[in-house]
Protein chains: 4
Amino acid sequence: MSQFFGDMTPLTFNPDADGPAFRHYNPEEVVLGKKMKDHLRFAVAYWHSFAWPGGDPFGGQTFDRPWFGETMEGARLKAEVAFEMFQILGAPYFCFHDADIRPEGADFAESRRNFEEIIDIFGEKMSQTGVGLLWGTANLFSHRRFMSGAATNPDPDVFAWSAATVKTCLDATHKLGGENYVLWGGREGYETLLNTDMGAELDHMGRFLSMVVDYKHKIGFKGTILIEPKPQEPTKHQYDYDVATVYSNLQRFGLEKEVKLNIEQGHAILAGHSFEHELALARELGVLGSIDMNRNDYQSGWDTDQFPNNVPEVALAYYEILKAGGFETGGTNFDSKLRRQSLDPSDLIEAHAGAMDVCARGLKAAAKMLEDDALEAERRARYAGWETPEAQAMLGSDLESITERVLAEGINPEPRSGRQEKLENIVNRYV
Amino acid sequence: MSQFFGDMTPLTFNPDADGPAFRHYNPEEVVLGKKMKDHLRFAVAYWHSFAWPGGDPFGGQTFDRPWFGETMEGARLKAEVAFEMFQILGAPYFCFHDADIRPEGADFAESRRNFEEIIDIFGEKMSQTGVGLLWGTANLFSHRRFMSGAATNPDPDVFAWSAATVKTCLDATHKLGGENYVLWGGREGYETLLNTDMGAELDHMGRFLSMVVDYKHKIGFKGTILIEPKPQEPTKHQYDYDVATVYSNLQRFGLEKEVKLNIEQGHAILAGHSFEHELALARELGVLGSIDMNRNDYQSGWDTDQFPNNVPEVALAYYEILKAGGFETGGTNFDSKLRRQSLDPSDLIEAHAGAMDVCARGLKAAAKMLEDDALEAERRARYAGWETPEAQAMLGSDLESITERVLAEGINPEPRSGRQEKLENIVNRYV
Amino acid sequence: MSQFFGDMTPLTFNPDADGPAFRHYNPEEVVLGKKMKDHLRFAVAYWHSFAWPGGDPFGGQTFDRPWFGETMEGARLKAEVAFEMFQILGAPYFCFHDADIRPEGADFAESRRNFEEIIDIFGEKMSQTGVGLLWGTANLFSHRRFMSGAATNPDPDVFAWSAATVKTCLDATHKLGGENYVLWGGREGYETLLNTDMGAELDHMGRFLSMVVDYKHKIGFKGTILIEPKPQEPTKHQYDYDVATVYSNLQRFGLEKEVKLNIEQGHAILAGHSFEHELALARELGVLGSIDMNRNDYQSGWDTDQFPNNVPEVALAYYEILKAGGFETGGTNFDSKLRRQSLDPSDLIEAHAGAMDVCARGLKAAAKMLEDDALEAERRARYAGWETPEAQAMLGSDLESITERVLAEGINPEPRSGRQEKLENIVNRYV
Amino acid sequence: MSQFFGDMTPLTFNPDADGPAFRHYNPEEVVLGKKMKDHLRFAVAYWHSFAWPGGDPFGGQTFDRPWFGETMEGARLKAEVAFEMFQILGAPYFCFHDADIRPEGADFAESRRNFEEIIDIFGEKMSQTGVGLLWGTANLFSHRRFMSGAATNPDPDVFAWSAATVKTCLDATHKLGGENYVLWGGREGYETLLNTDMGAELDHMGRFLSMVVDYKHKIGFKGTILIEPKPQEPTKHQYDYDVATVYSNLQRFGLEKEVKLNIEQGHAILAGHSFEHELALARELGVLGSIDMNRNDYQSGWDTDQFPNNVPEVALAYYEILKAGGFETGGTNFDSKLRRQSLDPSDLIEAHAGAMDVCARGLKAAAKMLEDDALEAERRARYAGWETPEAQAMLGSDLESITERVLAEGINPEPRSGRQEKLENIVNRYV
Ligand SMILES: [Co+2]
Ligand SMILES: [Co+2]
Ligand SMILES: [Co+2]
Ligand SMILES: [Co+2]
Ligand SMILES: [Co+2]
Ligand SMILES: [Co+2]
Ligand SMILES: [Co+2]
Ligand SMILES: [Co+2]
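Values in this document were obtained by computation on a predicted structure and should not be read as measured data. Position numbers for residues start from 1 in each chain and track the written sequence from start to end. Chain letters start at A and ligand numbers start at 1, both assigned in the order the entries are written. It should be noted that, the model being predicted, local features are given only for residues of pLDDT at least 70 and side-chain atom pairs only at 80 or more, the latter also being counted only at that level, while totals for whole chains, interfaces and linings use all residues. Side-chain figures throughout are based on the complete set of non-hydrogen atoms in the structure, without hydrogens or water.

1. Quick look at the overall build of chain A
How we decide: The helix and strand labels rest on DSSP assignments: H or I over at least four residues marks a helix, E over at least two residues marks a strand, and numbering proceeds from the N terminus. Values of the radius of gyration come from C-alpha atoms, whereas the globule rule sets the reference at 2.2 Å times the count of residues to the power 0.38. The contact definition used throughout considers only heavy atoms, calling two residues in contact when any of these lie within 4.5 Å. Neither His nor the chain ends is counted toward charge; the positive residues are Lys and Arg and the negative residues Asp and Glu. The location of each charge is read from NZ of Lys, CZ of Arg, CG of Asp or CD of Glu.
Of the regular secondary structure elements, chain A holds 16 helices and 12 strands. Computed over C-alpha atoms, the radius of gyration of chain A comes to 23 Å, within 12% of the 22 Å expected from 2.2 N^0.38 for 431 residues, which places it in the range of a compact globule. Across chain A, contacts joining residues at least 24 apart in sequence account for 76% of those joining residues at least 6 apart. One way to put it: in chain A the 43 positive side-chain charges average out to a point 2 Å from where the 67 negative ones average out.

2. Some thoughts on the packing of helix α3 (residues 72-89) of chain A against helix α5 (residues 108-129) of chain A
Residue and element names in this part refer to chain A. To keep it simple, the criterion reads: A fitted line through C-alpha atoms serves as each axis, taken over the contacting stretch for helices, and the angle formed by two N-to-C directions is quoted from 0 to 180°. Working rule for angles: under 35 degrees goes down as roughly parallel, over 145 as roughly antiparallel, 65 to 115 as roughly perpendicular, anything else as oblique. Helix crossings get a hand from a simple test, with the near helix turned counterclockwise from the far one by less than a right angle marking a left-handed crossing and a clockwise turn marking a right-handed one.
At a minimum axis distance of 11 Å, the contact between α3 and α5 shows a crossing angle of 25°. Classified by the interaxial angle, the pair formed by α3 and α5 is roughly parallel. In the crossing of α3 with α5, the sense of the turn from one axis to the other is right-handed. Facing α3, whose interface residues are Met72, Ala75, Arg76, Ala79, Glu80, Phe83 and Gln87, α5 presents Asn114, Glu117, Ile118, Ile121, Phe122, Lys125, Met126 and Thr129.

3. Points about the nonpolar core
The cut-off we apply is this: To define a nonpolar core, start from buried Ala, Val, Leu, Ile, Met, Phe, Trp, Tyr and Cys residues and group those joined through side-chain atoms within 4.5 Å. Remark: exposure states derive from per-residue accessible area (1.4 Å probe, protein chains only) relative to the maximum for the residue type, with buried under 20%, exposed over 50%, and partly exposed in between.
Grouped together as the largest cluster of nonpolar side chains are 292 residues, with contacts concentrated most on Tyr46, Phe122 and Tyr318 of chain C together with Tyr46, Phe122 and Tyr318 of chain D. Those residues in contact with tyrosine 46 of chain C that sit more than four places away from it in its chain are Ala51, Ala75, Lys78, Ala79, Ala82, Phe86, Phe94, Cys95, Phe96, Asp100, Ile101 and Phe122 of chain C. Counting 291 residues, the second-largest nonpolar core is a separate cluster that includes Val166 and Val246 of chain A together with Trp161 and Leu338 of chain B.

4. With respect to the coordination of the cobalt ion (ligand 6)
All names here are of chain C. Note the threshold: Listed donors are limited to N, O and S atoms within 2.8 Å of the metal, widened to 3.2 Å for Na, K and Ca; water is not among them, so incomplete-looking sites are possible. Geometry assignment treats four donors as tetrahedral when all angles are between 85 and 135 degrees, treats four as square planar and six as octahedral when opposite donors are over 155 degrees apart and all others between 65 and 115, and treats everything else as irregular.
Those donors, Glu228 (OE), Glu264 (OE), Asp292 (OD) and Asp335 (OD), are the protein atoms that reach the cobalt ion (ligand 6), and they lie 1.9 to 2.1 Å from it. In this structure, the cobalt ion (ligand 6) is surrounded by four donor atoms whose angles at the metal cover 92 to 147°, and the resulting shape is irregular. Read N to C, the donor residues that coordinate the cobalt ion (ligand 6) are spaced as E-x35-E-x27-D-x42-D. In this structure, the cobalt ion (ligand 6) lies 4.4 Å away from the cobalt ion (ligand 5), the two metals sharing glutamate 264 as a donor. Of this pair, glutamate 228 sits in the loop between β8 (224-227) and β9 (237-238) while aspartate 292 sits in strand β11 (residues 288-292); the two residues are 64 residues apart in sequence, bridging distant segments of the chain.

5. A closer look at the interface of chain A and chain B
Buried accessible area, meaning the area lost when the parts come together, often serves as the stated size of an interface. Definition in use: The quantity reported as buried area is the accessible area (1.4 Å probe) lost by two parts once they are put together, taken as the sum for both. Any Lys or Arg side-chain nitrogen found within 4 Å of a carboxyl oxygen on Asp or Glu counts as a salt bridge. Pairs of N or O atoms within 3.5 Å make up the polar contacts considered here, provided that, within protein, one atom can donate a hydrogen while the other can accept it, and that residues adjacent in sequence are counted only when both atoms are side-chain atoms. Charged residues are taken to be Asp, Glu, Lys and Arg, nonpolar residues to be Ala, Val, Leu, Ile, Met, Phe, Trp, Tyr, Cys and Pro, and polar residues to be all remaining types, Gly included.
Each partner contributes residues to the interface: chain A has 90 residues there, and chain B has 89 residues. Each partner contributes to the roughly 8200 Å² buried at the junction of chain A and chain B, and carbon and sulfur atoms together form 64% of this total. Inspection of the region where chain A meets chain B yields four salt bridges. Here arginine 144 of chain B and glutamate 414 of chain A are joined by a salt bridge, their closest N and O atoms 3.3 Å apart. Seen at the junction of chain A and chain B, the total is 36 residue pairs in polar contact (both at pLDDT 80 or more). In terms of residue class, the side of chain A that touches chain B is made up of 44 nonpolar, 21 polar and 25 charged.

6. Here's the deal with the side chain of asparagine 310 of chain B
With respect to the helices and strands, asparagine 310 of chain B occurs in the loop between β11 (288-292) and α11 (311-323). Residue contacts for asparagine 310 of chain B: discarding those within four places in its chain leaves Val358 of chain B together with Asn310, Pro312 and Glu313 of chain D.

7. Quick look at the domain arrangement of chain A
Which entries qualify depends on this criterion: Here the limits of each domain have been adopted from an automatic or database domain assignment.
Structurally, chain A comprises domain 1 (30-371) and domain 2 (376-428). Centre-to-centre separation of domain 1 of chain A and domain 2 of chain A, based on C-alpha positions: 41 Å.

8. Section: the relation of the copies chain B and chain C
Rule in force here: A least-squares superposition brings the copies together, and it is based on the C-alpha atoms of residues with pLDDT no lower than 70 in both.
Of the two same-sequence chains, chain B is brought onto chain C (RMSD 0.0 Å, axial shift 0.0 Å) by a rotation of 180°. The symmetry that links the two subunits is that of a two-fold axis. Taking the C-alpha atom as reference, chain B places glycine 301 of chain B closest to the rotation axis, 2.0 Å from it. When the interface residues of chain B are mapped onto chain C, 100% of them again fall at the interface, so both copies present the same face.

9. Quick notes on the pattern of salt bridges
Under the definition given, this model contains 116 salt bridges over all chains. Of the charged contacts in the structure, one is a salt bridge between glutamate 400 of chain A and lysine 218 of chain B, with a shortest N-O distance of 2.4 Å. Taken together, the residues glutamate 400 of chain A in helix α15 (residues 399-409) and lysine 218 of chain B in helix α7 (residues 198-219) connect one chain to another. Glutamate 400 of chain A sits in the partly exposed class, given a relative accessible area of 26%. Since its relative accessible area comes to 58%, lysine 218 of chain B is described here as exposed.

10. Comments concerning the relation of the copies chain A and chain B
Take chain A, turn it by 180°, move it 0.0 Å along the axis, and it overlays chain B with an RMSD of 0.0 Å. Mapped onto chain B, 99% of the interface residues of chain A are again interface residues, and the two copies thus contact each other with one and the same surface.

11. Comments concerning the UniProt feature "active site" (unreviewed entry) in chain A
All names here are of chain A. The criterion, for reference: UniProt positions are given in the numbering used here, feature names are shortened, and annotations may be inferred rather than shown by experiment.
The UniProt record marks His97 and Asp100 with the feature "active site" (unreviewed entry), using the residue numbering of this structure. Within the secondary structure, aspartate 100 is located in helix α4 (residues 98-101). Ignoring sequence-local partners within four residues, the contact set of aspartate 100 consists of Tyr46, Trp47, Ala51 and Lys78.

12. Let's talk about the coordination of the cobalt ion (ligand 2)
Residue and element names in this part refer to chain A. Summarising the metal site, the cobalt ion (ligand 2) is bound by the protein donors Glu228 (OE), Glu264 (OE), Asp292 (OD) and Asp335 (OD), whose distances to it range over 1.9 to 2.1 Å. Along the chain, the residues donating to the cobalt ion (ligand 2) fall in the pattern E-x35-E-x27-D-x42-D. In this structure, the cobalt ion (ligand 2) is positioned 4.4 Å from the cobalt ion (ligand 1), and both are ligated by glutamate 264. Highlighted residues: glutamate 264 in strand β10 (residues 259-264) and aspartate 292 in strand β11 (residues 288-292), separated in sequence by 28 residues. The class of glutamate 264 is buried, set by a relative accessible area of 1%. A residue is classified by how much of its surface remains accessible, and aspartate 292, at 0% relative accessible area, is buried.

13. Some thoughts on the sheet that holds strand β10 (residues 259-264) of chain C
Residues and elements named next belong to chain C. We apply this condition: Pairing between two strands is assigned when DSSP locates at least 2 bridges connecting them.
Read around the closed barrel, the eight strands follow the order β3-β4-β5-β6-β8-β10-β11-β12; overall the barrel is parallel. On average, each strand axis in the sheet is tilted by 30° relative to the strand beside it, whichever way the strands run. With three bridges joining them, strand β5 (residues 132-137) and strand β6 (residues 180-183) adopt parallel strand pairing. From the neighbouring strand, glycine 136 faces β6, where its bridge partner is tyrosine 181. Taken strand by strand, helix α10 (residues 275-285) contacts β10 and β11, and its axis lies near 160° from that of β11.

14. Digging into α15 of chain A
All names here are of chain A. The test is simple: In this context, the arc is that of the directions from the helix axis out to the C-beta atoms.
Where α15 is concerned, the buried positions are Leu399, Ile402, Thr403 and Val406. With its buried residues spanning 100° around the axis, α15 presents them on a single face. Residues of α15 that are exposed and point over 90 degrees away from its buried face: Glu404, Ala408 and Glu409. With a side-chain oxygen positioned 3.1 Å from the backbone nitrogen of glutamate 400, the residue opening α15 is aspartate 398. Phi for glycine 410, located one or two positions after α15, is positive at around 60°.

15. Comments concerning the pairing of β11 of chain C
Moving residue by residue along a regular strand, the side chains alternate between the two faces of the sheet. All names here are of chain C. Rule in force here: The crossover handedness rule: strands pointing away from the viewer, path from first strand over the helix to second strand clockwise, crossover right-handed.
By the criterion of burial, β11 is predominantly enclosed, with five of the five residues buried. As defined by bridge partners, β10 adjoins β11 across four bridges and the pair is classed as parallel. Bridge assignment links asparagine 262 to a residue of β11, and that residue is serine 290. Judged from the two bridges that link them, β11 and strand β12 (residues 332-334) form a sheet pairing that is parallel. Each bridged residue has a counterpart across the sheet, and for isoleucine 291 the counterpart in β12 is threonine 332. For the segment spanning β11, helix α11 (residues 311-323) and β12, crossover handedness is right-handed.

16. Regarding the sheet that holds strand β5 (residues 132-137) of chain D
All names here are of chain D. Taken together, eight strands build a closed barrel; the order of strands is β3-β4-β5-β6-β8-β10-β11-β12 and the barrel is parallel. With strand direction ignored, the average angle separating the axes of adjacent strands in the sheet is 30°. With three bridges connecting them, strand β3 (residues 42-45) and strand β4 (residues 93-97) associate as parallel partners. Across the sheet, valine 44 pairs through a bridge with phenylalanine 94, a residue of β4.

17. A look at the UniProt feature "binding site: Mg(2+) 2" (unreviewed entry) in chain A
Residues and elements named next belong to chain A. Cross-referencing UniProt, the feature "binding site: Mg(2+) 2" (unreviewed entry) maps to Glu264, His267, Asp303 and Asp305 in the present numbering. A compact arrangement is adopted by the annotated residues: their sequence extent is 42 residues, whereas the largest C-alpha distance between any two is 10.4 Å. With respect to the helices and strands, the residue histidine 267 is situated in helix α9 (residues 265-270). A relative accessible area of 4% means that histidine 267 is categorised as buried. Apart from residues lying up to four places away in sequence, histidine 267 is in contact with Trp184, Glu228, Pro229, Lys230, Pro231 and Asp303. Within the structure, the side chain of histidine 267 is placed 3.4 Å from the side chain of glutamate 228, a separation counted as a polar contact. With respect to the element layout, aspartate 305 can be found in the loop between β11 and α11 (311-323). Beyond its immediate sequence surroundings of up to four residues, aspartate 305 is in contact with His48, Glu264, Asn294, Arg295, Asn296, Asp335, Ser336, Lys337 and Arg339. Here the side chain of aspartate 305 touches histidine 48 through a polar contact of 3.4 Å, side chain to side chain.

Have a look at this one:
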């Protein structure tokens, strides 16, 4: 035991607790025929929780963690503490990038050796604790070699480095029984169009993604390949802007059946959407994979990656997920970082526990709304006109025959109330 | 003559003029082997210039035009004045919606009769003046029947009405020799997901668009079908959010070879992009059709539809268009309205003349940058590494062989300067 | 009885109701020693509920109300229906502009006669029903005469017209026993700096406001003069941008003891703040007067004026108000409009009833947090260092003596956790 | 000579140059009776140009400078290179924070010793080169001790540390003959209201500022104390939000005659304003001090601090400054950083030279507009009505007498065109 968390014991479900506990998240409680833990499939993000130093664009490190510094010893201690926290939280999953678990080496080979040593430690700890890997991913944006992109870099050697890195991370994810593999193209985009060949970059990005899919099949990885959309930051424009854009790219590359999406609330907001919009659209397109349940501050124009705290909003998100039939390989990752002033180990626990409770409340509200058919009955009624044979026939016809019918029947439609406020009231009876 | 514009005579190119004149737009001047007028292909928007009363969400009509009021007499006077203005400006084209040229009738048939009478007047005036129709379109958003959408309305009768309306407008556009037909889905979207069946609505939208394309072919219309993206406003979300989203939809509907885009600066801004981004992306996707060259105020979160006034920005837009080979059927439409305090007829002339000059300056700067290879030489140099056989071979290979090469060759890429400031300086030598 | 609302009877508090009812708002329930109705002091906005036709920048009227049209008969019917709704809702207050209660006359005198006739009707109805006037105000932005501002118009005649209008409205508010008088400077600002003399306009605005305050005292009006900040829309910039800006102006005009603020959630958002920020700042400055409890959509860059629906957010707003000691003359006005697709009379009732419940839930949560000292104990602990005599002495000293002490004592402060996530969890135990 | 810039020689004014040169900035050229260099008073920012490593929230250092690392040797080399660059650019001024010129020491005393050693080096180099100090400032935001603010920190020891630091920096600025001293309250604000005592923090901030002003007078510093407004980032809310907010605070603290403002384009944008708005408002309030002429990207919701590149925008900014009579102690600081991909020494030169040219073009255009009375004549005509004795008398009267006059004279104002488009065209004839 590392003693980082002192004598803290695993949190339990205890609505009347005074200290840290789950007041709403009850892992074994059955909701819509499934245990809450199997609905929510929580994962802790290794990078924000254990590798982020607390810096921002105007200030450096605030956190003081005994494992900081780029050494293997630090990396082992970090893994120790991480799995302790997973157990305190009862988190069934975690997620990692290569760069947050191992020190950077002098070259590719050394970085890979460092990485693989930690992966082996992970394997042991996962066996011992029962914690699973929701997804692995490669960090292709922090090191200066990626400053102009990874797969979309003007330098083909960076493409090569990136390809080798993804292979390594996908191998590790496969080895650890990971359920998904995520690609976030942090610098696949541009700072200025003036120096950018967008057509070439998009082609290279497509080719890269195809290689990843091919390799997944080659090694028999059964998990899902996921892309995480984000519109901008650090770049001025990222090619995986939002769900619609990623789907457009997937169609161009012929990969829309191979790749799904990992959708983050904060990125939805940055792209000018609501989270539920992005989830609903992904569901309709058949590419809803997994979520990063971390909010942005509506007031801040950058990615604040905060733990979720607004139950009504979270309820609408899970509503879309439940309508999609729930997660398959996906889950609820907290791609969230502590505020940089939240210095203490207990802040890490508070933050995750509070977020898990918020998600549990949202899930239960969403499930009940669905069970009661509270919203869906209204929705069906609104579109009922389309169920008639005449309406369906019209859809199969053409402009001329429709025009004739408009004239012949003197069609002159009267609008009907959309009842938005009433529907919002209905939601408020559940949250 | 209507006397609306007093004794104003057609504007001429006269850099030293004191009063209204073109100081930069010289229609016959040859730029990159083509006359400026044939590059720019200016069009006046009928709706903003002649039908908009000057209202905003907090106030009503400010303009006082003798043709206001929903009468055929007014509609005829409006047409009179419009063509007078086209001639004062030397505008080669105009654009219209059905609703801005004719009074609404009691039913579909009467509205259509009104519309067709004005279309005949347009036909005559076009013959007399040589003014052409850049595009026609249907207004499927202003009347209350469209409050919940047109093709995506929950009521199939609204779909029918909309289909009949588009047929009518496409027929008219064809009759007048229009070069394009535009669809702007002003209310194809939603106010709240709570009452929306997004999947059904997208399907109906796709079916509608296919009918339009089929009908175009049936009647032999040789112009281009264009969709105008806009992310939101009046709705909370519009399905034609931006270039990438429209292209995604087109691929789903199998129409990406049939339909191109009409891209507006203001809508690009609202979607979180730059105008040049949207143009470059459309070019790379092969769907760059036409432009609405009206800016939004960066400070205002809604569609201000102002006349362009910033030459450096306009230059970057035409640069992307020139790189695409220039307009084919498309052109430069001013989907711009006067500020509501700009009450006088002379303001209409000032606004258009100033905008045409700004575009002329932008075009000339862009053309010279291309001619000098000023930016393109830098861009090619930046991506030169991809021209090698090794790089091309890598693109055709797979993760494993690339990884082997990274290890074998000890690939360890060093970043090179992106030179953004230098490139911005280069642009500033032209604008 | 007008029959507009059919046979709808006054809503009652009934948590188990199936249809329209209050599930949380229980007017007589005592919270922190005061009845809920006396805490919340709900008011219905006349303009949005009864005068707004449902238009937006891309479409016209959707609502179909029997009183529409600029006639006195319509105005009387509108008053009839309005007071029926106040009684159905049990709303203790309403608010009005002159322009939404009477038809515009041919000149100032006729408009005033129309206005005063309706004011007399209001007086009778208020006596009969016990409904009070939270505030009156003048609409100095809708008519075209105000297109360039009211008090800040380049034309002194518009200043004069505006002054006469405010006098009329203040007289009426006084006569009806109104508790406040509000000024919202809808067009006191500019569209472009190029034609604006900002210094002169600010001076005129200050002089105008002083006249209003002087007149209030002259007639013995005991209510509060309130300014409602808004940063922009319809203008590019409004001089009453936000709480800080209004307070700056008040200080310049020497009116900071005479005028308080009416703060709207939607306008707080547009200005880049949270609602609770604006409330807290106004409280600290001693100018917190009243609130407009209508939200904006975070996704839309304009003033959507929607009914509140997010309890956690509303709770944080009432928390700041309770910390200020609650409302004195102020109250909770819904400056909210139905969505333009919400066509039916029942939508008006649903919207208000839902909003009143959301406010009741927010109030109760806020009151309990205060009662439990849940947040305040943490806050006091964080600033406890400032309670020492040394710290207070330092505040009264100077840079030199402080520097000496830093050197002498080797002061080298260590940061302590800000505990944001824990505090957010605390809030979530109450909402 | 450090050889960092190779054999680069000072840039000259040479419109026809091929390589780096000034094409528009001609320091000795007289504009409106004053040399360009005396109008513009350019300053280089030490921090961005020499201390910033190229990091962003998703990646670390990209620049590779021989002086990096927290050593005195590095600090001395950095100073060497900095003054070489000032001479290459012919920059008359520079600006610094304590933290970017010296390594952090183990305690306050050691940091001060390091600082003062470099200040002495600066003094020598300034004598040798003739480069002046536009302003000094203290960095009270980067070190973790400032994570919760400086003057507004919950810990009084941080207040003390900050006071001692400002004393030190003000002493140094005085010693070097600096013309201004700037305070930017990077973390004077909050991350969450939940843990913040806004009233106490504002009081402490006011007291701190008063101590600074008192100390300035005590030591006989004749320069101007400047506050730099910024609305947010790194915090969620900064107390010096914008010009209006700072002016409000200054009035509360009784310091509005003692303190002026340093206004940055990027911060104006973040606060929802235009740069020219902030400048015009500061001018009207009598607190326009100095500018940071670095732009933000309109598309990015954070402070991008880019070199200016849009002449029309820069022209409007200098127009407001010229209307204020030009700079007194203030000047044009570039608080700009290279894009993090701009790795090379030559990029530093290109960036500054391009920015200086853009400013020169803007200044010349603004001066000519003023000289020609092109905009001002229109503005005066628009407000001419206020020059009459009747209008002035009305301003001195009251609501009742104005109302009587409106009725007696039948005042019924007709709006007149605001001519925005025409005025924009006028500007475009100059830029
Ligand atoms: Co994020
Ligand atoms: Co994420
Ligand atoms: Co538009
Ligand atoms: Co348009
Ligand atoms: Co509002
Ligand atoms: Co309001
Ligand atoms: Co900045
Ligand atoms: Co600055």
